[in-house]
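# Structural overview
Below, each chain spelled out in residue letters.
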Amino acid sequence: MPELSAAQSLWDSVNQELKNLFPADIYSMWFEELACVEESDSKITLMAPSEFNAIWIENNYLDVISQQARAFSGMPVTVQVQVKERAEEKVEETTSSAKSGESSSNRLSGHGTASSRSSRSFQAEAPSRRTLLNPRNTFENFVVGSGNQLAHAASIAVANAPGRAYNPLFVFGDTGLGKTHLMHAVAHQMLATNPNARIAYVSTEKFTNEFIHAIRENKLAKFRKYYRTVDALLVDDIHFLSGKESTQEEFFHTFNDLFESGRQIFLASDRPANEIERLENRLISRFQWGLVTDIQAPDFETRVAILRKKAEAMRLELDESVMNFLAERVSRNVRRMEGALTRIASYDALIDQKLDLSAVERLLSDLLQEETASKVTVDQIQKKVSDYYQIRFSELVGRRRTSAIVFPRQVAMYICRTLTSEPLKSIGDAFGGRDHGTVIHACKQVENMMEQDGTVKRSVDYLIKQISHNRA
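The structure reproduced in this document is the subject of the present report. (Residues numbered from 1 in each chain as written. Predicted model: local features only at pLDDT ≥ 70, side-chain atom pairs only at ≥ 80, totals over all residues. Heavy atoms only, no water.)

## As for the environment of Lys244
For Lys244, the location among the structural elements is in the loop between strand E6 (232-236) and helix H11 (245-260). Here the alpha-carbon distance between Lys244 and Leu279, two residues 35 residues apart in the chain, equals 8.3 Å. (Helix = DSSP H or I, 4+ residues; strand = E, 2+ residues; numbered from the N terminus.)

## So, the packing of aromatic side chains
Inspection of the entire model under this criterion finds 17 aromatic pairs. Look at Phe207 and Tyr227: their rings are 5.0 Å apart centre to centre, the planes differ by 65 degrees, and that puts the pair in the edge-to-face class. With Phe207 in helix H9 (residues 204-216) and Tyr227 in helix H10 (residues 220-227), the pair connects residues that are 20 residues apart, well separated along the chain. Tyr227 gets classed as buried once you look at its relative accessible area, which sits at 0%. When the centroid spacing of 5.9 Å and the interplanar angle of 40 degrees are considered together, the rings of Tyr388 and Tyr462 count as tilted. Taken as a pair, Tyr388 in helix H18 (residues 378-389) and Tyr462 in helix H23 (residues 454-469) lie far apart in primary sequence, 74 residues in all. Note on Tyr462: relative accessible area 43%, which makes it partly exposed. Among the aromatic residues, ring-to-ring pairing joins Phe170, Phe207, Phe211, Phe223, Tyr226, Tyr227, Phe251, Phe255, Phe259, Phe287 and Trp289 into one connected group. (Phe/Tyr/Trp six-rings, centres within 6.5 Å; stacked < 30°, edge-to-face > 60°. Buried < 20%, exposed > 50% of the residue type's maximum accessible area, 1.4 Å probe, protein only.)

## Notes on the pairing of strand E7 (residues 264-269)
On any regular strand, side chains alternate: one points to one face of the sheet, the next to the other face. A large share of E7 lies buried, amounting to six of its six residues. Here E7 shows two buried faces, one formed by Gln264, Phe266 and Ala268 and the other by Ile265, Leu267 and Ser269. Relative to E7, strand E4 (residues 169-172) runs parallel, the two being bridged by four bridges. The residue of E7 that forms the bridge with Leu169 is Phe266. Here E6 pairs with E7 via four bridges, running parallel. Considered in E7, the bridge of Leu234 is made with Phe266. With H11 bridging E6 and its parallel neighbour E7, the resulting β-α-β unit is right-handed. (Pairing = 2+ DSSP bridges. Right-handed = clockwise from strand over helix to strand, strands pointing away.)

## Some words on the environment of His152
Tracing the chain through its elements places His152 in helix H7 (residues 149-160). On a C-alpha basis, the gap between His152 and Phe142 in space is 8.4 Å, while along the polypeptide they are ten residues apart.

## Side note on the sheet that holds strand E2 (residues 43-48)
The three strands are arranged E1-E2-E3 in an open sheet whose pairing can be described as mixed. Each edge of the sheet is formed by a strand with only one pairing partner; in this case those strands are strand E1 (35-39) and strand E3 (78-83). Direction aside, neighbouring strands of the sheet carry axes that sit 25 degrees apart on average. Across four bridges, the pairing between E1 and E2 is antiparallel. Among the inter-strand pairings, Glu38 is bridged to a residue of E2, identified as Thr45. (Axes fitted to C-alpha atoms, helices over the stretch in contact; angles between N-to-C directions.)

## Some points on the packing of helix H20 (residues 403-419) against helix H22 (residues 436-452)
For the pair H20 and H22, the least separation of the axes is 8 Å and the interaxial angle reads 100 degrees. Taken together, the axis directions place H20 and H22 in an arrangement best described as roughly perpendicular. For the pair H20 and H22, the contacting residues are Phe407, Gln410, Val411, Met413, Tyr414 and Arg417 in the first and Thr438, Val439, His441, Ala442, Cys443, Gln445, Val446, Glu447, Met449 and Met450 in the second. Looking at the contact of H20 with H22, its residues break down into ten nonpolar, four polar and two charged. (Parallel < 35°, antiparallel > 145°, perpendicular 65-115°, else oblique. Contact = heavy atoms within 4.5 Å. Nonpolar A, V, L, I, M, F, W, Y, C, P; charged D, E, K, R; others polar.)

Listed below in structure tokens is the structure:
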């Protein structure tokens, strides 16, 4: 635990730690002008130069400040952010009232003294979010490869021309492939271009929770005013709108207001909009108005480039053979690669011993076993489905369209989509060169059959369980 110097206040110590934690440009933009106006062992009150600065600190960095303060104080610390302009205006109002001879009891009734009015916390002024915008998630730190090239280019275009390039921008792909990184990078770039831009980055879960809270607390007007007047709305995990009818209704109107006023909308999902179950057709249609693009798993060369960049950021030196080994064996997503590097970096810092290939393999043995065990291939699925439905493998991937073959083929496509990270095009190619639309149609057909027929559901669930646990 860091120690608090006798010569430093709690905020001085926290502020110095923020300087060390964040890049100079991020610190200068968000923290340099923060002033501490009240401090105790359990509370820090900060003054921000503008309402936007206060909103951004509240939304993205309040957790970091609180954590650092707790580390120095040794106890939980409440951090509040005030708005300088609002406080000064209230002081001026009070002074003006005194000069005009108005009774202070009339002017300040229910508000206490002028100083207590000026120290009103910003926390009551906007929806309470705790979404950290990672300072490392910039375009400069994003490794571009064949699987994410279009999504990256579209994100840059959106960041440089909000509301004009692609609106909305809808990016989908499996977890850990860089969707959130791109959203953070867009926010950073927009703010670098226009520090006064009003940007809301939020997960769908938090949007939903804030909507529910606003209804309960009778603050729906404030909630709507916030979300419908931002310059850019970036919503992560939009697939979690599935089945939330009231939230879908609210988001529909929020989307319309922003779109009609030329404000940028950026949505990220783990699947295409038309594959999100129980999502209203009018939302699916709107999500497809702009540019829809996917992010695919990085190829070997891109994985090597990602590992090199992340190792460089960690000041970790690894042999080329180790880098290639990691790129080959840890391939499910970027987060797992970063996790592997973090474990290696920790070992390297603690053990004064050269990290060779065998040492890395021992260190990551459990992760490598999990990676190997989790890799279900399209070929394995096709063979299992062929055996189960007693048709030849050649018929499953061929062109025949008899009912006895079409349905098993659709089931196989559905299971491929469920158990593998293969893109739609690759799955279609494996079934006789069919296009991605055919795969989507097959998945929807199987989903519908599973809902309507319990026997079909039991059969598909059995196959998925068998393939997941008995990879042969």
